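Notes for the structure review
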Amino acid sequence: MNETKDGYQTVELREALRQALDEEMARDPNVLIMGEEVGEYNGAYKVTKGLLAKWGPKRVIDTPIAELGFAGLAIGAAMTGLRPVVEFMSFNFSFVAADQLISNAAKMYYMSGNRFSVPIVFRGPNGAAAQVSSQHSHCVEAIYGNLPGFIIVAPSNPYDAKGLLISSIRNNNPVLFLESELNYGDKMEIPVGEYTVPIGKARIVEEGKDVTIVSHSRMVNRCKEVVLELAKKGTRAELIDLRTIRPLDIATVAASVRKTGRCVLVEEGHIFAGIAAEVGFQIMEHCFDYLDAPLQRVCQLDTPMPYSKVLEKETIPTVPRILAAVHKTF
Amino acid sequence: MNELKTPLKRVKHTFFEHEAKALMKQIGKESLLKALREMLMIRNFETRAEAAYLQGQIGGFFHSYIGQEAIQTAAIDVMGKNNWWSTSYRCHALALLLGATPNELMAELYGRSTGNALGRGGSMHFYTERLLGGFGIVGGQIPIATGAAFTLKYKEIKNEVSVCFLGDGAVAQGAFHEGINLAALWNLPCIYVIENNQWGMGTAFNRALSVDRLAEDKALGYGIKGYTLDGLDYFNCYNGFKHIYNEVLETSRPVLIEVITQRFKGHSISDPGLYRTKDELKECLVRDPIPLFKEALIAEKILDEATFEAMDKEQREIMLKAMKFAEESPWPDPITLGEDVLAP
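On a predicted model such as this, the values are computed, not experimentally measured, just so you know.

This next bit is on the overall build of chain B. Scanning chain B for helices and strands turns up 12 helices and eight strands. In terms of overall dimensions, chain B has C-alpha extents of about 55 × 50 × 50 Å along its principal axes. The contacts in chain B between residues at least 6 apart in sequence include a share of 77% that link residues at least 24 apart.

A tally of helices and strands in chain A yields 12 helices and 15 strands. Since a compact globule built from 330 residues should have a radius of gyration of about 20 Å, the 20 Å found for chain A is in line with a globular shape. Referenced to the eigenvectors of the C-alpha coordinate spread, the extents of chain A come out at roughly 60 × 50 × 40 Å. Split into buried and exposed, the 330 residues of chain A put 56% on the buried side.

Moving on, we come to the sheet that holds strand β11 (residues 211–215) of chain A. Residues and elements named next belong to chain A. The five strands lie next to each other as β10-β12-β11-β14-β15, forming an open sheet whose pairing is mixed. Two strands in the sheet have a free side with no partner beyond their single neighbour: β10 (203–206) and β15 (296–300). Taken pair by pair, the neighbouring strands of this sheet meet at an average axis angle of 25 degrees, ignoring direction. For β11 and strand β14 (residues 263–270), the ladder comprises three bridges, and the chain directions are parallel. The residue of β14 that forms the bridge with Val214 is Leu265. Packed onto the sheet, helix α10 (residues 275–287) meets β11, β14 and β15 and runs at close to 155 degrees relative to β14. Packing of helix α12 (residues 319–328) onto the sheet brings it into contact with β11, β12 (237–241), β14 and β15, and relative to β15 it is tilted by some 165 degrees.

All names here are of chain A. Read across the sheet, seven strands follow the order β4-β3-β5-β6-β8-β7-β13 without closing on themselves; strand pairing throughout is mixed. Since the sheet does not close on itself, it has two edges, and those belong to β4 (60–62) and β13 (244–246), each with one partner. Taken pair by pair, the neighbouring strands of this sheet meet at an average axis angle of 20 degrees, ignoring direction. Sheet analysis places strand β3 (residues 31–35) next to β4, joined by three bridges and oriented parallel. Bridged to Met34 within β4 is Ile61.

Once that is clear, we can look at the packing of helix α3 (residues 67–79) of chain A against helix α4 (residues 98–106) of chain A. Think of two packed helices as two axes; the pair is described by the angle between the axes and how far apart they sit. Residue and element names in this part refer to chain A. The interhelical angle for the contact between α3 and α4, taken along N-to-C directions, is 15 degrees, at an axis separation of 8 Å. Looking at the two axes, α3 sits roughly parallel to α4. Considering only the axes of α3 and α4, their crossing is right-handed. Contacts from Leu68, Ala71, Gly72 and Ile75 of α3 reach α4 at Asp99, Gln100, Leu101, Asn104 and Ala105. Partitioning the contact of α3 with α4 into residue classes produces five nonpolar, three polar and one charged.

All names here are of chain B. Relative to the helices and strands, Cys284 is located in helix α10 (residues 278–286). The spatial distance from the C-alpha of Cys284 to the C-alpha of Asn197 is 9.9 Å, given a sequence separation of 87 residues. Beyond its immediate stretch of four places on either side in the chain, Cys284 contacts Gln262 and Phe264.

Quick look at the environment of A:His138 now. Residue and element names in this part refer to chain A. The topology assignment puts His138 in the loop between β6 (120–125) and α6 (141–145). Judged by local crowding, His138 falls into the buried class, with 21 C-beta atoms found within 10 Å. Spatially, the C-alpha atom of His138 lies 8.2 Å from that of Pro304, the residues being 166 residues apart in sequence.

In a soluble, globular protein the nonpolar side chains are often hidden away together inside. With 204 residues, the main nonpolar core has A:Ala74, A:Val86, A:Val264, B:Ile191, B:Tyr192, B:Val193 and B:Ile257 as its most contacted residues. Structurally, this core is a two-domain feature, drawing no fewer than three residues from each of domain 1 (8–191) and domain 2 (203–328) of chain A. Those residues in contact with A:Val264 that sit more than four places away from it in its chain are A:Val211, A:Ile213, A:Gln296, A:Val298, A:Ile322, A:Ala325, A:Val326 and A:Thr329.

Listed as interface residues are 32 residues of chain A and, on the opposing side, 34 residues of chain B. Among the secondary structure elements, those contributing two or more residues to the side of chain A that touches chain B are α3, α4 and α5 (108–111) of chain A. At 10 residues, the largest contribution of residues to the side of chain A that touches chain B is made by α3(A). Looking at the side of chain A that touches chain B residue by residue, the class counts come to 15 nonpolar, 15 polar and two charged.

So, about the confidence of the model for chain B. In the predicted model, chain B carries a mean pLDDT of 95, and the fraction of residues at 70 or more is 99%. If you check the scores for this complex, the pTM reads 0.97 and the ipTM reads 0.96.

Before going further, it helps to spend a moment on unusual backbone geometry. For the bond from A:Arg246 to A:Pro247, the omega torsion is 0 degrees, close enough to zero to count as cis. Mapped onto the fold, A:Pro247 is located in the loop between β13 and α9 (250–260). At B:Gln198, a residue that is not glycine, the phi angle is positive and equals roughly 80 degrees. Within the secondary structure layout, B:Gln198 lies in the loop between β4 (190–196) and β5 (199–200).

Moving on to the domain arrangement of chain A. Residue and element names in this part refer to chain A. With domains assigned, chain A is organised as domain 1 (8–191) and domain 2 (203–328). Each partner contributes to the interface: domain 1 provides 23 residues, whereas domain 2 provides 24 residues. Listing elements by their share of the side of domain 1 that touches domain 2, those giving two or more residues are α6, β7 (151–153) and α7 (158–170). Residue classes in the side of domain 1 that touches domain 2 are distributed as 12 nonpolar, nine polar and two charged.

Helix α6 (residues 141–154) of chain B packs onto α3(A) with a crossing angle of 55 degrees between their chain directions and a minimal axis gap of 6 Å. It follows that α3(A) is oblique to α6(B) by the angle criterion. In this structure, α3(A) meets α6(B) at a crossing whose hand is right-handed. Contact residues: α3(A) offers A:Leu68, A:Gly69, A:Gly72, A:Leu73, A:Ala74, A:Ile75, A:Gly76, A:Ala77 and A:Met79, while α6(B) offers B:Pro143, B:Ile144, B:Ala145, B:Thr146, B:Gly147, B:Ala148, B:Phe150 and B:Thr151. Across the contact of α3(A) with α6(B), the residue classes tally to 11 nonpolar, six polar and no charged.

In this section: helix α11 (residues 289–299) of chain B. At 3.6 residues per turn, the α-helix brings residues three or four places apart onto the same side. Residue and element names in this part refer to chain B. Those residues of α11 that sit buried are Pro289, Ile290, Phe293, Lys294 and Leu297. What you see down the axis of α11 is that its buried residues fit within an arc of 130 degrees, all on one side. Exposed residues pointing more than 90 degrees away from the buried face of α11 are listed as Pro291, Glu295 and Ala299. Each element contacted by the buried residues of α11 is listed here: α2 (29–54), α3 (69–79), α9 (234–251) and α12 (305–328). Directly after α11, the chain includes Lys301, whose backbone phi takes a positive value near 60 degrees.

All names here are of chain A. When the terminal C-alpha atoms of helix α8 (residues 219–232) are compared, their 20 Å separation across 14 residues agrees well with the 20 Å that a helix rising 1.5 Å per residue should span. Along α8, the residues that are buried comprise Met219, Val220, Cys223, Val226, Val227 and Leu230. Looking straight down α8, one finds its buried side chains confined to an arc of 105 degrees; they lie on one side. Relative to its buried face, α8 has exposed residues pointing more than 90 degrees away, namely Leu228 and Lys232. Looking at the packing, one finds that the buried side of α8 touches β10, β11, β12, β14 and α12. Downstream of α8 by a residue or two, Gly234 has a phi angle that is positive, lying close to 90 degrees.

What counts as what
- Residues numbered from 1 in each chain as written.
- Chains lettered and ligands numbered in written order.
- Predicted model: local features only at pLDDT ≥ 70, side-chain atom pairs only at ≥ 80, totals over all residues.
- Helix = DSSP H or I, 4+ residues; strand = E, 2+ residues; numbered from the N terminus.
- Contact = placed C-beta atoms within 7 Å.
- Rg over C-alpha atoms; globule rule 2.2 N^0.38 Å.
- Buried ≥ 20, exposed ≤ 12 C-beta atoms within 10 Å, placed from the backbone.
- Pairing = 2+ DSSP bridges.
- Axes fitted to C-alpha atoms, helices over the stretch in contact; angles between N-to-C directions.
- Parallel < 35°, antiparallel > 145°, perpendicular 65-115°, else oblique.
- Left-handed = near helix turned anticlockwise from the far one by under 90°.
- Nonpolar A, V, L, I, M, F, W, Y, C, P; charged D, E, K, R; others polar.
- Core = buried A, V, L, I, M, F, W, Y, C linked by C-beta atoms within 7 Å.
- Domains from an automatic or database assignment.
- pLDDT = per-residue confidence, 0-100.
- Arc of directions from axis to C-beta.
- Expected span 1.5 Å × (residues − 1).

Put into structure tokens, the structure is as follows:
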């Protein structure tokens, strides 16, 4: 941790997450952490570093490699009074637990006539890392986004990561908290101590009047590069970070599009039936008369993730591809 | 009958021991008659609900507990309601035994706003304060029940257990292995009760599972105890559950139980049961847990035929009233469709 001005600290995103976990464990004895390698190994990506030493094995629990079993167990624990935070070492492994997540966690409160809520957070890295090929690189938000009953959060920076994780742990619903392995080392100045960021509220990262760019998670930083490039040529883009996928803050997006008349949607996940498709359709519903150009989207190409770094780089949205999409709206 | 059919394998089971007369003395007349009333409540509920289904009042899937009444009745008589309970989609009996009223359950089957789950769950999803559900996916309740046991241990609640009912079909699921491995690994007070009715829908258990003794053979692989009970005999279930419940309270180790039972009906109401030979069905109907229990009580002069008839009639009337209640209950207002997708 670097010293900065009073009341602030400069931390990596992984440390911001760790602080959120630690502070919520201090606040509520029913909060516990469970997952593969979260304890003695200190977390595959060190998000849970030091928590076993501080809180002990009762509340920081190493599991076997049995995602269906421990995800379901944690859902059962949530139904009976605990507030588990479950780490998936990669959200790709959540597919092993999909029945428990989908059939039990997402549907329980509604299906039981509001008798049993499921206050649980599933968190971990989502999407591509560095050359881990197709079975470890999938973006899951579009898959789970189709399911009512989930809250889906995808922060892009350390400030939001901490504030949103605290809000997620306090929420009474199953939250899928999507991180990015490539963002864990990102540093930022954030307040010391507790603060929250509300679920369901997008953030305007850059204000602009010419074109709206909507993105989330790791692609927000890529879009910031695009905003700078556009500014050099005198185009002022408004960049929106969704922060929460479900519930979607369409009001913030629609207000921006009504102002700019143009919109480009940028998503790390696959193009077909993706989050961009959903947000785009809702823009059409809310802003049809305000659009000066067809919507554009830049997403992962419609192929499984390849291993080669040359191919991997090209299948994910790149700055040139996003710039080209912006130019198509003019 | 289809000549390609694989016959149902007959397994010679050794049941946990019991002595019926001594048990009757120990349980006492009042509790025995209460148990009989509960079994008749289940039988009458299922019978009337099935009739309502055939009248077109009830839709969707419908899985009857007829023939298996002794098991869950004995389990709750022994352990009391104050534990965590979960089961498969064959969940009507457990909800009734845990205190859900016939009215609210019948109304749920009828899809009415007064239903147990506000008309959202239907036949497969009944709940009470301590019933985590009827679960619709085979084996899906196993990790959930394990999690309830985890909570008991986490909160250091030592006078409760988590009880998970599952069918023989669920034993082939991965959730069975993962859930029981975790419970054994972490010493969780969970009692897994496999109600082996011999059939996973239309597939004989011996065409789905690699061992004959679903608890005793499987338990070895998890380092836990396995027991086999006679699900058609209330006394055998009672004695077995009592022994096991006390053992789990004492050791906080999970236990696997196989209860051999019979499904008198098809898998669900839409299943004519053509995979089962007439002899197989006839053989299974010979031992009905309710007449068996009744005869035992009559032999000990705890019950007479007239009292039995009166109890049966009383339950039938309760269920007829429940049907009337359900039929007269309002439909859910479509304006409520979007409510409760998320908890506040």
